[in-house]
Structure formats: C-alpha cells, structure tokens
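Structure at a glance
Here are the chains, one letter per residue:
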Amino acid sequence: MDMRKNLQNKLFLSSMMGTTDGSFCAERGNGCAMVQIGAYLAEPPAYGKRNLVLPPEEEECINFFADECKQAKRSSEISVCLNLATPELEWGLQASECFYKAGGDIVEINIHGGYGPYLRLGKLKAMVLPENRPELFRWLEAFSEIDVPVIAKFREGVIPDYSPVLDRVAEMNLFGVHFNIRNDETKKPDIEFVRDVKQRYSIFLLVSGYVRDSETVGKLFEAGADMVGFAEPVMKDPKFISEIAGQLI
C-alpha cells in the first residue's frame, strides 16, 4: 500500500524491448517515479543464442540485475520495474526472485508483446485469448503468490472485452495492471477505456500508449489512471518526461 501511495498520480518510463536498459532509463527517466527495464527474456536454453535473454545461473542473473538497477536508480526514491517475458512459468518466477534479490522493486509480467517465438507458443498477448486463459490465470495466480510486487501488462484491443480477464485478475493479490491503451486509428490513447476499467474494478491501473502532452496526462488521471507512462517520444527527446512533469506541477 505504501508503494502504491508513493507511485499514485505519477509518471513512468515504459519498457521498450531492446532499448530500456539501466543506462537508458537513467538518462531519460527524469520526472519519473518509476522506470521499467526490459523487456528481458527468461529462457535459459536460449542464453547466448538470442539477444536479451537473462543469464541462467542465479548468481550471474542477480549480478546482471544489480548492475541494471544501479544504473537505473538515479536516487533512492525512484522505483525500478522489470518487464519480463518468458515461455515457461518456472523460468519467469525464478527470474523475478533474482531481480528482487538484486534490489529491484517491481516485476511486470508481459502479457502484451508481439515477440514472434513466444506468440507461436501461445504466450504474451496470445494468452488473453479464450483458449489460453486457463494457463494465463494459472500463471498470474503463481506470480501473485511470490514475495515480489507484480504487475500484469496487457494490450487493449487484442480481445474486444477484457471483463472475463479482469474479473479474475481483480481477485488476485497483484500489485497492479498495466494497459497499453494506444488506438492505432486515432493515434491517441483510449481515455474512455481507462474510465470504464476504473469504474468497474478497484485495481492499481497503469496506462501508456500515444500519450504526448500534459493535457492528455491530466485527462487520464481524471479518468482514474493511477500512473501514466511514456515510451517512444522519449527515444527522440531525452527531456520529454521531465518537461511533461514540470507542466503538471
């Protein structure tokens, strides 16, 4: 509860696979209450064969995360969140424990991305499909039971109605839910989606996607978002988030 209180109505740097490592977060996370490193992949057999795969040995994995967290933390007040993708539950749980032992604060399990090798296994955003939901719920229950704050990340629009998923998620002991709410037709975030979710569920809700100005941030907070995140604009403008934060004061 204390962590939620400290993060509420704050901004965060949202993960971008292959981009948001510790040093990137340190350079461009000014104005944030939280930065996300990753996405990193928990898949021990693929270590050394694919990029962004975490070291399979516990000590080496902890050391890797410790270095990432050290780089990302500009001060003791900023929270570091790991965006994690995995094809196997146990690998994901082990990586999460390593991250927490290394000084990380929160783990975000990625049920959002489009990483081809995992999608073909029915993972990432394919997990919200009706035929894959039993496994999705089993995974989230397992993550909710570890001694690490866990966020579940979804993508609006993958299914037309998230009620069957959120009905179950709301009953779990998860730290929160992160939705990418980008609307690819309007090129804007779907503010009404945020309002609808918060009217129906008492969950800590993080949102990101096509947020480009402080006015939109204000509208998202008014709609019920607990945190608002930024990704792509930060790649072009290192001061993007700090300038938005300054306009909100």
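Structure report, in brief. Everything numeric here is computed off the predicted structure, so don't read it as measured data. In every chain, residue numbers begin from 1 and rise along the written sequence. It should be noted that, the model being predicted, local features are given only for residues of pLDDT at least 70 and side-chain atom pairs only at 80 or more, the latter also being counted only at that level, while totals for whole chains, interfaces and linings use all residues. Hydrogen atoms and water are omitted, and side-chain values are computed over all heavy atoms in the structure.

Things to note about the overall build of the chain
Here is the rule: Under the DSSP-based scheme used, a helix requires at least four consecutive residues in state H or I and a strand at least two consecutive residues in state E, with every element numbered from the N terminus. Each residue is assigned to one of three classes by its accessible area relative to the maximum for its type, calculated with a 1.4 Å probe on protein chains only: buried under 20%, partly exposed between the two thresholds, exposed over 50%. What makes two residues a contact is simply this: any of their non-hydrogen atoms within 4.5 Å. All accessible areas in this document rest on Shrake-Rupley with a 1.4 Å probe, and a residue is counted as covered only by the protein chains that are shown. His is not counted, nor are the chain ends; Lys and Arg add positive charge and Asp and Glu add negative charge. Here the site of a charge means atom NZ of a Lys, CZ of an Arg, CG of an Asp or CD of a Glu.
Scanning the chain from terminus to terminus reveals 11 helices and 10 strands. For the chain, the proportion of its 249 residues judged to be buried stands at 56%. Put simply, 68% of the contacts in the chain that link residues at least 6 apart link residues at least 24 apart. Split by element, the accessible area of the chain, about 11400 Å² in all, is 46% carbon and sulfur. Within the chain, the 37 negative side-chain charges are centred at a point lying 4 Å from the centre of the 28 positive side-chain charges.

A closer look at the pattern of salt bridges
The following threshold applies: Just to be clear on terms, a salt bridge is a Lys or Arg side-chain nitrogen sitting within 4 Å of an Asp or Glu carboxyl oxygen.
By the definition in use, this model includes 13 salt bridges. Here Arg182 and Asp184 are joined by a salt bridge, their closest N and O atoms 3.3 Å apart. The partly exposed category is assigned to Asp184, whose relative accessible area is 40%. For Arg200, the salt bridge is made with Asp196, and the minimal N-O distance between the two is 3.1 Å. A residue pair is termed a helical-turn pair when its members lie 3 or 4 positions apart in one helix, as Arg200 and Asp196 do in helix 8 (residues 191-200) at four residues. A relative accessible area of 44% means that Arg200 is categorised as partly exposed. Through salt bridges with shared partners, a single network forms among Arg155, Arg182, Asp184 and Glu232.

Remarks on the sheet that holds strand 9 (residues 205-208)
Going by this rule: Only strands that DSSP links by at least two bridges are regarded as paired with each other. Axis definition: a line fit to C-alpha positions, over the contact stretch in the case of helices; interaxial angles, taken between N-to-C directions, run 0 to 180 degrees.
Pairing is parallel in the closed barrel, where eight strands are placed in the order 1-2-3-4-5-6-9-10. When strand polarity is set aside, the average angle formed by the axes of neighbouring strands in this sheet is 25°. Direction of pairing for strand 6 (residues 176-180) relative to strand 9: parallel, over a ladder of four bridges. For Asn180, the partnering residue across the bridge sits in strand 9 and is Ser208. The strands touched by helix 3 (residues 58-72) are strand 2 (34-41) and strand 3 (79-85); relative to strand 2, the strand with the most contacts, the crossing angle is about 150°. In the packing of helix 4 (residues 89-101) onto the sheet, contacts are made with strand 2, strand 3 and strand 4 (106-110), and the angle to strand 3 comes to roughly 160°.

Topic: helix 9 (residues 214-223)
For helix 9, the full list of buried residues reads Ser214, Thr216, Val217, Leu220, Phe221 and Ala223. As for helix 9, its buried residues are in contact with strand 1 (10-13), strand 8 (188-189), helix 8, strand 9, strand 10 (227-230) and helix 11 (240-248). Directly beyond the C-terminal end of helix 9, a positive phi value near 120° is found at Gly224.

Here we look at the environment of Lys5
Checked against the element boundaries, Lys5 lands in helix 1 (residues 2-7). For Lys5, a relative accessible area of 66% puts it in the exposed group. On a C-alpha basis, the gap between Lys5 and Gln94 in space is 28 Å, while along the polypeptide they are 89 residues apart.

Thoughts on a negative patch on the surface
Filter applied, for reference: Exposure above 30% relative accessible area and no salt bridge define the residues that can form patches, which grow by joining like charges within 9 Å and nonpolar side chains of Val, Leu, Ile, Met, Phe, Trp and Tyr within 5 Å.
On the surface, a cluster of negative charge is contributed by Glu141, Glu145, Asp161, Asp167 and Glu171. For Glu171, the location among the structural elements is in the loop between helix 7 (163-169) and strand 6. Residue Glu171 is classed as exposed on the basis of its relative accessible area of 65%.

Observations regarding helix 4
To be explicit about the condition: Each helix should span, by expectation, one fewer than its residue count multiplied by 1.5 Å.
Taking 1.5 Å as the rise per residue, helix 4 with 13 residues should run 18 Å; its terminal C-alpha atoms sit 19 Å apart, in good agreement. Taken together, the buried positions of helix 4 are Leu89, Gly92, Leu93, Ala95, Ser96, Cys98 and Phe99. Buried positions along helix 4 lie against strand 2, helix 3, strand 3, strand 4 and helix 6 (133-144). Phi turns positive, to about 105°, at Gly103, one or two residues after helix 4.

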